Amino acid sequence: MYKVLIIISLIFTYNHSLAKEISGIPRVIDGDTVHINSYKIRLEGIDAPEIKQYCKKPLLKFSATIGFTINKDYPCGLISKKKLIEKIKKSKIVCYSTSKDRYRRYIATCYLKNLNLNKWMVRNGYAVAYLRYSKQYLTDENYAKVQKLGIWEGTFTLPEKWRKLN
């Protein structure tokens, strides 16, 4: 067991030492993309609703025996962006990137002081775990689902599927 922990620690240290550090006050593009100076950064392992995407949340629920709910459309993509802006509050963030995507964006985990912003977005229901690329935030997504936070309060199309349909 001790050897496994040493190996995991070495892998993390090795990967972290290869990471490109990008820091500064970001301009938030949407719930999973920021720009710091000339760097375009995609938050790793998460997928937020698109800016033009709408989700549904309960407006009015009738009794359990009737089981009827009236839903309301709301701009979940804009809200996702707004929540990230509000969380950062024009503060400096630090992002660690180990790769770029096909759009030449840096794929990174970003921090506001010691707070992992990628994790915060998923745990509060403003983004989903992007399981195609990582299972790192699956526990946080499950927490948001159970607590009915953010987009999990109602219904929505996964951002990846929404992009394909629109």
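Rules used in this analysis
- Residues numbered from 1 in each chain as written.
- Predicted model: local features only at pLDDT ≥ 70, side-chain atom pairs only at ≥ 80, totals over all residues.
- Heavy atoms only, no water.
- pLDDT = per-residue confidence, 0-100.
- Contact = heavy atoms within 4.5 Å.
- Pairing = 2+ DSSP bridges.
- Helix = DSSP H or I, 4+ residues; strand = E, 2+ residues; numbered from the N terminus.
- Patch = residues over 30% accessible without salt bridge, like charges linked within 9 Å, V, L, I, M, F, W, Y side chains within 5 Å.
- Areas by Shrake-Rupley, 256 points an atom, 1.4 Å probe, with all protein chains shown as cover.
- Salt bridge = Lys/Arg side-chain N within 4 Å of Asp/Glu carboxyl O.
- Buried < 20%, exposed > 50% of the residue type's maximum accessible area, 1.4 Å probe, protein only.
- Phe/Tyr/Trp six-rings, centres within 6.5 Å; stacked < 30°, edge-to-face > 60°.
- Lys NZ or Arg CZ within 6 Å of the ring centre and 35° of its normal.
- Core = buried A, V, L, I, M, F, W, Y, C linked by side-chain atoms within 4.5 Å.

A. Highlighting the confidence of the model for the chain. Residues at a pLDDT of 70 or more form 85% of the chain, whose mean pLDDT is 89. Counted against residues more than four places away or in other chains, residues 1-14, with its pLDDT under 50, gives 0 contacts.

B. Quick look at the pairing of strand S2 (residues 27-30). Direction of pairing for S2 relative to strand S3 (residues 33-36): antiparallel, over a ladder of 3 bridges. When the sheet's bridge partners are listed, Asp-30 is paired in S3 with Thr-33. Between S2 and S3, which pair antiparallel one after the other, the connecting turn spans 2 residues.

C. Geometry of a nonpolar patch on the surface. Residues Leu-59, Leu-60 and Ile-70 make up a contiguous nonpolar surface patch of about 260 Å² in total accessible area. Position of Leu-59 relative to the elements: it lies in strand S6 (residues 55-61).

D. Here's a closer look at the side chain of His-35. Considering the arrangement of structural elements, one finds His-35 in strand S3. According to the relative accessible area criterion, His-35 is buried, its value standing at 17%. Here His-35 is in contact with Ile-25, Pro-26, Arg-27, Ile-29 and Lys-40, once residues within four sequence places are set aside.

E. Highlighting unusual backbone geometry. Within the chain, Lys-89 stands out as a residue other than glycine whose phi angle is a positive 50 degrees. With respect to the secondary-structure elements, Lys-89 resides in the loop between helix H2 (76-88) and strand S8 (93-100).

F. A look at the packing of aromatic side chains. All told, the structure shown has 5 aromatic pairs when counted by the stated rule. Ring geometry for Trp-120 against Tyr-126: centres 5.7 Å apart, planes inclined by 40 degrees, an arrangement best described as tilted. The residues Trp-120 and Tyr-126 share a single accessibility class, namely buried. Ring plane angle 80 degrees and centroid distance 4.9 Å describe the contact between Tyr-130 and Tyr-133, whose orientation is recorded as edge-to-face. Between Lys-57 and the ring centre of Tyr-74, over which it is positioned, the NZ or CZ distance is 4.8 Å.

G. The arrangement of the pattern of salt bridges in detail. Counted under the stated rule, the structure contains 12 salt bridges. Note that Arg-42 is salt-bridged to Asp-32, the shortest N-O span being 3.5 Å. Remark: Asp-32 occurs in the loop between S2 and S3 and Arg-42 occurs in strand S4 (residues 39-43); sequence separation between them is 10 residues. Look at Asp-32 and you get buried, because its relative accessible area is 2%.

H. How the structure looks around the environment of Thr-98. With respect to the helices and strands, the residue Thr-98 is situated in strand S8. A C-alpha to C-alpha distance of 9.9 Å links Thr-98 and Glu-44, two positions 54 residues apart in sequence.

I. Representation of the nonpolar core. In this structure, Ile-41, Leu-84, Ile-93 and Cys-110 are the most contacted members of the largest nonpolar core, which totals 24 residues. When residues of this core are traced back to their parent elements, those giving at least two are S3, S4, H2, S8, strand S9 (106-112) and helix H3 (117-123). In this view, Ile-93 contacts Ile-22, Ser-23, Gly-24, Pro-26, Val-34, Ile-36, Ile-88, Cys-110, Tyr-111, Leu-112 and Leu-117; residues no more than four positions away in its chain are not counted. In terms of nonpolar packing, the next biggest core, distinct from the first, is built from 7 residues, Cys-55, Cys-76, Ala-144 and Trp-152 among them.

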